[in-house]
Amino acid sequence: MEAALTLSDAATAALTPDELCRRYAPSVCRFAGMIAGSSSDADDLAQDALLRAVRAIHSYDPSKGSPEAWLWRIVVNAGRDSARRRERTRWIVERLAFTAPRESESVEAAVLARLRDADLHAQLRLLPHRDKTLLALRYGVGLDTAEVGAAVGLSTDSTGKAIRRALARLRARLEVTRP
Amino acid sequence: MTIDALEQRLTDLAFDRPDAGRVTARVLSLARKRRRRAVARLGALAAATLLIAAAVVYFVPAADAVLADTPIAGDLLRSAGLTGAGNRVTAVGAVASSSGFRLQLVGAYADSTRTVLLLRANPAILPLGPPSLDPQLSDQFGRTYHVQSELTDSRTGQVIIEFEALAWPDALTGARIALKVTTLKRACASAPFCTDPVSSEPMVRGSWTLRATVGVDESTPLALPAPAHLGPATFNFTSVRSSLATIGIEMSVKGATFDDLQQRVADGRKGTPVFTIDLFAPNGDTATASYSLGEDQRGPLIQFLGYRFGPGNYRLHISYRGSDVDRLLTVP
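Reading the values: rules and limits
Residues numbered from 1 in each chain as written. Chains lettered and ligands numbered in written order. Predicted model: local features only at pLDDT ≥ 70, side-chain atom pairs only at ≥ 80, totals over all residues. Heavy atoms only, no water. Helix = DSSP H or I, 4+ residues; strand = E, 2+ residues; numbered from the N terminus. Buried < 20%, exposed > 50% of the residue type's maximum accessible area, 1.4 Å probe, protein only. Contact = heavy atoms within 4.5 Å. Areas by Shrake-Rupley, 256 points an atom, 1.4 Å probe, with all protein chains shown as cover. Phe/Tyr/Trp six-rings, centres within 6.5 Å; stacked < 30°, edge-to-face > 60°. Pairing = 2+ DSSP bridges. Axes fitted to C-alpha atoms, helices over the stretch in contact; angles between N-to-C directions. Expected span 1.5 Å × (residues − 1). Salt bridge = Lys/Arg side-chain N within 4 Å of Asp/Glu carboxyl O. Core = buried A, V, L, I, M, F, W, Y, C linked by side-chain atoms within 4.5 Å. pLDDT = per-residue confidence, 0-100. Parallel < 35°, antiparallel > 145°, perpendicular 65-115°, else oblique. Nonpolar A, V, L, I, M, F, W, Y, C, P; charged D, E, K, R; others polar. Buried area = accessible area lost by both parts, 1.4 Å probe.

## With respect to the overall build of chain A
- A tally of regular secondary structure across chain A gives 8 helices and 2 strands.
- Taken across its 179 residues, chain A has 47% of its residues classed as buried.
- Taking contacts inside chain A between residues at least 6 apart in sequence as the whole, the part at least 24 apart equals 70%.
- As displayed, chain A has an accessible area near 8200 Å², and 52% of this comes from carbon and sulfur atoms.

## Considering the packing of aromatic side chains
- Per the counting criterion, the structure on display carries 5 aromatic pairs over all chains.
- Measuring from centroid to centroid gives 5.9 Å for Phe31 of chain A and Trp72 of chain A, while their planes differ by 65 degrees, and the two rings are edge-to-face. Of the two residues, Phe31 of chain A is situated in helix H1 (residues 17-35) and Trp72 of chain A in helix H3 (residues 67-97); the sequence distance between them amounts to 41 residues.
- Between the aromatic rings of Phe235 of chain B and Tyr320 of chain B, the centroid separation amounts to 6.1 Å while the plane-to-plane angle is 70 degrees, which identifies the pairing as edge-to-face. Here Phe235 of chain B, found in strand E12 (residues 233-242), pairs with Tyr320 of chain B, found in strand E19 (residues 312-320); they are 85 residues apart in sequence, far enough to count as distant. Across the pair, exposure class does not vary: Phe235 of chain B and Tyr320 of chain B are buried alike.
- Grouped by ring-pair contacts, the aromatic residues Phe235, Phe275, Tyr291 and Tyr320 of chain B constitute a single cluster.

## Regarding the sheet that holds strand E2 (residues 101-110) of chain B
All names here are of chain B.
- Spatially, the 5 strands line up as an open sheet ordered E1-E2-E3-E7-E6, and their pairing is antiparallel. The sheet is open, and its two edges are formed by strand E1 (90-98) and strand E6 (147-153), each paired on a single side. Pairs of neighbouring strands in the sheet enclose a mean axial angle of 20 degrees, with direction left out of account.
- Of the pairings in the sheet, the one linking strand E3 (residues 114-122) to strand E7 (residues 158-164) comprises 7 bridges and is antiparallel in character. Paired with Leu117 across the two strands is Ile161, which belongs to E7.

## Considering helix H2 (residues 20-32) of chain B
- Helix length check: H2 of chain B (13 residues) gives 18 Å between terminal C-alpha atoms against 18 Å at 1.5 Å per residue, within 8%.
- Looking at H2 of chain B, one finds that the buried residues are Ala20, Val23, Thr24, Arg26, Val27, Leu28, Leu30 and Ala31 of chain B.
- Elements in contact with the buried residues of H2 of chain B: H1 and helix H2 (39-55) of chain A together with E19 and strand E20 (323-331) of chain B.

## Describing the pattern of salt bridges
- All chains considered together, the criterion is met by 12 salt bridges over all chains.
- Residue Arg52 of chain A is joined to Asp48 of chain A by a salt bridge in which the shortest nitrogen-to-oxygen separation is 3.3 Å. Here Asp48 of chain A and Arg52 of chain A lie together in helix H2, a separation of 4 residues that amounts to about one turn.
- For Asp48 of chain A, a relative accessible area of 12% translates into the label buried.
- One salt bridge in this structure joins Arg164 of chain A and Glu7 of chain B, with 3.6 Å as the shortest N-O distance. One end of the pair, Arg164 of chain A, is in helix H8 (residues 156-176); the other, Glu7 of chain B, is in helix H1 (residues 2-11), on a second chain.
- Classification of Arg164 of chain A by relative accessible area gives partly exposed; the value is 45%.
- Overlapping salt bridges, with partners in common, bring together Glu19, Arg22 and Arg23 of chain A in one network.

## Comments concerning the nonpolar core
- Membership of the largest hydrophobic core comes to 58 residues, with the highest contact counts inside it found for Leu20, Val28, Trp70, Leu135 and Leu170 of chain A together with Leu10 of chain B.
- It is H1 of chain A that contributes the most residues to this core, 10 residues altogether.
- Setting aside residues no more than four positions away along its own chain, Leu135 of chain A makes contact with Met34, Leu124, Leu127, Gly140, Ile163, Ala166, Leu167 and Leu170 of chain A together with Leu10 of chain B.

## Considerations on the confidence of the model for chain A
Residues and elements named next belong to chain A.
- Within chain A, residue pLDDT values average 75, and 73% of them lie at 70 or more.
- Note on residues 1-12: pLDDT under 50 across the span, and 31 contacts to partners over four residues away in sequence or across chains.
- Across residues 88-105 the pLDDT falls below 50, and counting only partners more than four positions away or on other chains, this stretch makes 20 contacts in the model.

## As for the packing of H1 of chain A against helix H5 (residues 117-126) of chain A
Residue and element names in this part refer to chain A.
- Relative to each other, H1 and H5 sit at 80 degrees, their axes nearing to 8 Å. Of the possible angle classes, the one that applies to H1 and H5 is roughly perpendicular. The segment H1 lies against H5, with Gly33, Met34 and Ile35 engaging His121, Leu124 and Arg125.
- Taken together, the residues that form the contact of H1 with H5 break down as 3 nonpolar, 2 polar and 1 charged.

## Focus: the environment of Asp131 of chain A
Residue and element names in this part refer to chain A.
- Along the chain, Asp131 falls in helix H6 (residues 129-141).
- Residue classification places Asp131 among the buried residues on the basis of a relative accessible area of 3%.
- Counting along the chain gives 32 residues from Asp131 to Ile163, while the straight-line C-alpha distance between them is 7.2 Å.
- Excluding anything up to four places from it in sequence, Asp131 contacts Ala166 and Arg169.

## Some points on the interface of chain A and chain B
- Between chain A and chain B, the contact holds 41 residues from the first and 35 residues from the second.
- The largest contributions to the chain A side of the interface with chain B come from Arg30, Gln47 and Arg55 of chain A, which together make up 18% of the buried area.
- Our enumeration of links across chain A and chain B arrives at 5 salt bridges.
- One salt bridge in this structure joins Asp43 of chain A and Arg22 of chain B, with 3.5 Å as the shortest N-O distance.
- Mapped onto the side of chain A that touches chain B, the elements with two or more residues apiece are H1, H2, H3, helix H4 (105-114), H5, H6 and H8 of chain A.
- At 11 residues, H2 of chain A tops the list of elements feeding residues into the side of chain A that touches chain B.

## Digging into the pairing of strand E13 (residues 246-254) of chain B
All names here are of chain B.
- Summarising burial for E13: 7 of the 9 residues are buried, a large majority.
- Note: E12 against E13, 8 bridges, orientation antiparallel. Along E13, the bridge assignment pairs Phe235 with Val253.
- Adjacent in sequence and paired antiparallel, E12 and E13 are bridged by 3 residues.

The following block contains the structure:
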């Protein structure tokens, strides 16, 4: 389990499981907290994702990409597995609550101005898993579009479009639920 | 413009998230820990106990010549999971002698999940083993209770027998219990250098009856942890209780059948169980006693028994089909 991982940006630095956790646990926890449906689910997801990464650390091949891209693919897969378990029972609610994206800048601006973080987070959590994964990676973790694409298996262009669509769907939800 | 505003709100969004330090500690702990094999069930426990006892007989030939006149050893108390019970272990002292064997019921402990008897045998004995040689435990209402496990130390003659929990209303009234034993198995069955060698017949017939009055330590309900989602299965906690010496956990399972939980993945040896459950004390020591799988019309049921060594946060670790999860139990 102590296998070394060579960083692409610091060839001399070997990444141990401790170092992996030290570097990335905060980002993984933020990602998990952003997309998971509850705090206990977030705990489970963060632990599962990091544990998968630590246990697979020997499989990382620097010639195939950066450690960040490798890690986020693992995290995204863990998130997808977690979501599959829950969405079996939630899909009807998702369908009923789904509203087609609409463009209404003035309304959105008014809503955003009054929206509390907790409400925004709640609406984010109700998005389809793929949408909230994209938004969490882009805005929660701070990856750029290309990095998000690498994590979810899309081209940069497609990722940019997918993020826009996800934002539009979030906007639509905010409109529907505005006070 | 509006997209920018929303993007900015998402970038600055404040929300509860897992504590990175705590998650890191758990991950590193789990990663370093070897995958545990399944909890030894009663049969395996009995077999292991026999092996240990035989090994002790072999390597300590004179150990069973004299019964050590000492209190129940701390390690046996730990094996019985009674270190947390403190002074709730009732001192008994009842003695019965027959066929040259002397049994003394030194102490007893009972709570809502188990009944533990601490005995001393002279000469030392081996675990009796099911099914026909089980000692019989009955209460004042004539009800009998099954043996769950036995543990002996042939160096000292100390014996721990764990029975199922006493039934209602013993918890209210206390219980007058009677232990009846009709067969013992000598600890020196095969070693030629034993001080009391037995060539062919290790069994000793006789009649030993030991009586005691014990109180029943009531357990208190604890907060139920969140369900654990592992692969296709969801483990729902239906009851978590703690007494001074025992932590009892009951769960129901959705998304997996009784047979699914019993499966083993081929590994070239005995196979690795797809489902494991373990309890760890606040200091990291294992606190698992046993667990059993049952089933009703709604699906599998799990009854888990752990040892309470003292108050603190106990970590319940569940794994199923390559996924695992921890749940913390705050035990007062």
